[in-house]
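# Notes for the structure review
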Amino acid sequence: MLTRLLAVAALLPAPAIAQSLTPAETAQIDTLVAGALGDTGVPSASIAVVRGGRIVFAKAYGKPSEAIATADPKLPYQIASISKQFTAAAILLLEDEGKLSLDDTVAKYIPGITGGDRITIRQLLSHTSGLQDYWPQDYSFAAMAKPVTPQQIVDRWAKKPLDFAPGTQWQYSNTGYVVAGMIVEKVSGQPLLSFLQQRIFKPLDIRALDQDKAIGKAFPQGYGRFALGPVRAETPSADGWLYAAGELSMSAQDLAKWDVARLSRTTLPADDWAAQETPVKLADGSSNGYGLGVFTGSADGRRYVEHSGEAVGFLSENIVYPDDQAAIVVLTNSWFSDAVGRISKGVAKIVLPTPVANAEDTAALAHARAVYDQLRTGTLDRKGLTEDANYYFKPVALADYKSSLGILGEPTAFAQTGKTRLRGGFVNRTYRITYPDRALSLSTYAEPGATGRYEQLLVAPAS
């Protein structure tokens, strides 16, 4: 009988929250969030953590509003511009069905837009269209007190002269996403939110609301502050102002379900996820790491996919770490402090694995530091160099290294940057050397082994 029950249990779906954080980690998060809210005056926060590809933590803190005295992780917060990745996903799904192409021009779907015969849908989603942003301010401007339609936003901002030729620069543009939302509706024949409910939210069991409807006694209140004055309730913008650029409200736990889908490459085809996360290049070949509705990059040796959001009285952060199968969601009901960033960075330090220092890299670091001291003091030991490196370090090279580096004195920090890699039979490492007024980069190629002879020792200014 027990065996039979175990077999049945194995077939049941896993619980929504798998409690795999240790009590110590949970306590650290509690302390971190309480401290951030207490220091800044931010009324409340809702947190979710994905680890190992599963939601392992969802908890709310503080007081969401005067009408809601108890924090509840199920309450939906306005996620603002994090919504952009959902608008981009809708476009990608329509492209999968052959109903449009990312390289179609805007004029094919929405008439009258400046440069519409040159601006592509891809450029709308990657903020490279040149369309002027209708809401660059970090406050609610006068027009936002009255309801607006997407077409009215287009008529006022998307018919102005372009800020630059499409594809030549990157400039954040909420206007571009309003146009993208209009294209979704025209091609699908559905309101944008209805399309997202059908294709994304219902399959993932996500409760998502139009933020214009997530207002009142049953929902978190947004708060603001003038300088260091008292925390005050904000008046929400009138209906329609965020639309496809940031119209969604959901809980941190529900947003984390989307992050799990990203990590597991489900709900959307895998190539759609990849397209969204691929940085779009400008005409000159450069890129700032923005794809289709998300930023991508690497920090502290970890790849990330990220977007933040700002609505009237709300700030949010959603960051996914693909290689760690992890994600962190932080939602707050204020837009006047750094609490969101402070909490998201702090949670990352708690829940992500600490990179284990490679023993050979550690030994190589000490060796490189010693050899750098030889360079700056003019005492380079040639026995530690290969034949080619000895050729490179002619007397003039040694003299220049000594004269230019010696006057800098002792560095304040000396650390490896980036990954150790192999090239040309040598081990390549790069180090950052920090002084009070500048930073240098030391690029090394060495024979295998922590103290192998150097084939290359090149010092250059670092950014």
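All values derive from a computational prediction rather than experimental measurement. Position numbers for residues start from 1 in each chain and track the written sequence from start to end. Given that this is a predicted model, residues contribute local features only at a pLDDT of at least 70 and side-chain atom pairs are listed and counted only at 80 or more, while totals for whole chains, interfaces and linings are drawn from all residues. The side-chain values count all of the structure's non-hydrogen atoms but skip hydrogen atoms and water molecules.

Two strands pair if DSSP finds at least two bridges between them. A helix here means a DSSP run of H or I that spans at least four residues, while a strand means a run of E at least two residues long, and both kinds are numbered starting from the N terminus. The 3 strands are arranged E3-E7-E4 in an open sheet whose pairing can be described as antiparallel. With partners counted over all chains shown, the strands left at the sheet margins are strand E3 (77–78) and strand E4 (209–210), one partner each. Looking at chain direction, E3 and strand E7 (residues 248–250) are connected through 2 bridges and run antiparallel. Bridge pairing links Gln-78 to Ser-249 in E7.

Below, the discussion takes up the packing of aromatic side chains. Only Phe, Tyr and Trp rings take part, Trp by its six-membered ring, and two of them pair if their centres are within 6.5 Å. Stacked means planes under 30 degrees apart, edge-to-face means over 60, and tilted covers everything else. Using the criterion set out here, one finds 17 aromatic pairs in the structure. Aromatic side chains Phe-141 and Trp-157 sit 6.3 Å apart centroid to centroid with 65° between the ring planes, which places their arrangement in the edge-to-face category. On the criterion of sequence distance, the pair formed by Phe-141 in the loop between helix H4 (121–125) and helix H5 (150–157) and Trp-157 in helix H5 is long-range, its members being 16 residues apart. Assigned by exposure class, Phe-141 and Trp-157 land together as buried. Put simply, the rings of Phe-86, Phe-201, Trp-258 and Trp-273 touch in pairs and so form one group of aromatic residues. Exposed residues in this analysis have more than 50% of their type's maximum accessible area, buried residues have under 20%, and partly exposed residues fall in between, with area computed by a 1.4 Å probe over protein chains only.

Its location among the elements puts Arg-122 in helix H4. Relative accessible area serves as the criterion here: at 28%, Arg-122 is assigned to the partly exposed category. With 33 residues separating them in the primary sequence, Arg-122 and Asp-155 have C-alpha atoms 21 Å apart. The contact criterion used throughout is that any non-hydrogen atoms of two residues lie within 4.5 Å. When residues no more than four places from it in sequence are discounted, the contact partners of Arg-122 are Leu-102, Asp-103, Val-280 and Leu-292. Within the structure, the side chain of Arg-122 is placed 3.1 Å from the side chain of Asp-103, a separation counted as a polar contact. A 3.5 Å cut-off defines polar contacts: any pair of N or O atoms within that distance qualifies, except that in protein one atom must be a possible hydrogen donor and the other a possible acceptor, and neighbouring residues in sequence count only when both atoms are side-chain atoms.

Taken as a whole, the second largest pocket holds about 470 Å³ of empty space. Both cavities and pockets are sets of points on a 1 Å grid over the protein atoms alone; in a cavity a 1.4 Å probe fits but cannot get out, in a pocket the set is open with protein on both sides within 12 Å along at least five of seven lines, and lining residues sit with an atom within 4 Å of a point. Around the second largest pocket, the lining comprises 17 residues; the ones closest to its centre are Ala-299, Asp-300, Tyr-321, Lys-345 and Ala-348. Those elements that provide at least two residues to the lining of the second largest pocket are strand E9 (302–311), strand E10 (314–321) and helix H11 (339–351). The element that contributes the greatest number of residues to the lining of the second largest pocket is H11, accounting for 5 residues. Class assignment of the residues belonging to the lining of the second largest pocket gives a composition of 8 nonpolar, 3 polar and 6 charged. Grid points are joined across faces, edges and corners, and a volume is the space filled by probe spheres set on the points. Under the scheme applied, nonpolar residues are Ala, Val, Leu, Ile, Met, Phe, Trp, Tyr, Cys and Pro; charged residues are Asp, Glu, Lys and Arg; polar residues are all the others, including Gly.

Nonpolar cores were defined as sets of buried Ala, Val, Leu, Ile, Met, Phe, Trp, Tyr and Cys residues, with membership established by side-chain atoms within 4.5 Å. In this structure, Phe-86, Ile-183, Ile-200, Phe-201 and Trp-258 are the most contacted members of the largest nonpolar core, which totals 110 residues. In this view, Trp-258 contacts Gln-85, Phe-86, Ala-89, Ile-200, Leu-204, Ile-206, Leu-268, Trp-273 and Gln-276; residues no more than four positions away in its chain are not counted.

All right, on to the sheet that holds strand E12 (residues 413–423) then. Taken together, the 4 strands give an open sheet; going across it, the order is E12-E13-E14-E15, and neighbouring strands pair in antiparallel fashion. At either end of the open sheet lies a strand with only one pairing partner, and these are E12 and strand E15 (454–461). Averaged over neighbouring strand pairs, the angle between their axes works out to 15° when direction is ignored. Bridging between strand E13 (residues 426–435) and strand E14 (residues 438–446) involves 9 bridges; their strand directions are antiparallel. Residue pairing in the sheet places Val-427 in a bridge with Ala-446 of E14. Axis definition: a line fitted to C-alpha atoms, over the contacting stretch in the case of helices. Angles run 0 to 180 degrees between N-to-C directions.

Turning our eyes to something else, we now look at the pattern of salt bridges. A pairing counts as a salt bridge when a side-chain nitrogen of Lys or Arg comes within 4 Å of a carboxyl oxygen of Asp or Glu. According to the stated counting rule, one finds 23 salt bridges in the structure shown. Residue Arg-438 is joined to Asp-437 by a salt bridge in which the shortest nitrogen-to-oxygen separation is 3.5 Å. By relative accessible area, which is 59% here, Asp-437 ends up exposed. Each of the salt bridges in this network shares a partner with another, and the network as a whole consists of Arg-369, Asp-373, Arg-376 and Glu-410.

Before going further, it helps to examine the confidence of the model for the protein. What pLDDT reports is the predictor's confidence in each residue, on a scale of 0 through 100. Residue-level pLDDT values for the protein average 92, and 95% of them are 70 or greater. Residue range residues 1–16 is modelled with pLDDT below 50. Its contacts to residues more than four positions away, or to other chains, number 2 contacts.

With that settled, the discussion passes to the packing of helix H2 (residues 23–40) against H11. Following both chains from N to C, one finds H2 and H11 inclined at 165°, their axes separated by 10 Å at the closest point. As the angle between them shows, H2 and H11 are arranged roughly antiparallel. The two elements H2 and H11 meet at a crossing, and its hand is right-handed. From H2, Glu-25, Gln-28, Ile-29, Leu-32, Val-33, Gly-35, Ala-36, Asp-39 and Thr-40 reach across to H11, where they touch Ala-339, Arg-342, Ile-343, Gly-346, Val-347, Ile-350 and Val-351. Looking at the contact of H2 with H11 residue by residue, the class counts come to 9 nonpolar, 4 polar and 3 charged. Relative orientations are named as follows: roughly parallel for angles under 35 degrees, roughly antiparallel for angles over 145 degrees, roughly perpendicular for angles from 65 to 115 degrees, and oblique for any other angle. For any pair of crossing helices, the crossing counts as left-handed if the nearer helix is rotated counterclockwise from the farther one by less than a right angle, and right-handed if it is rotated clockwise.

When you line up the elements, Thr-128 lands in the loop between H4 and H5. For Thr-128, the residues in contact, after removing those within four places along its chain, are Gln-123, Phe-164, Pro-166, Gly-167, Gln-169, Trp-170 and Leu-282.

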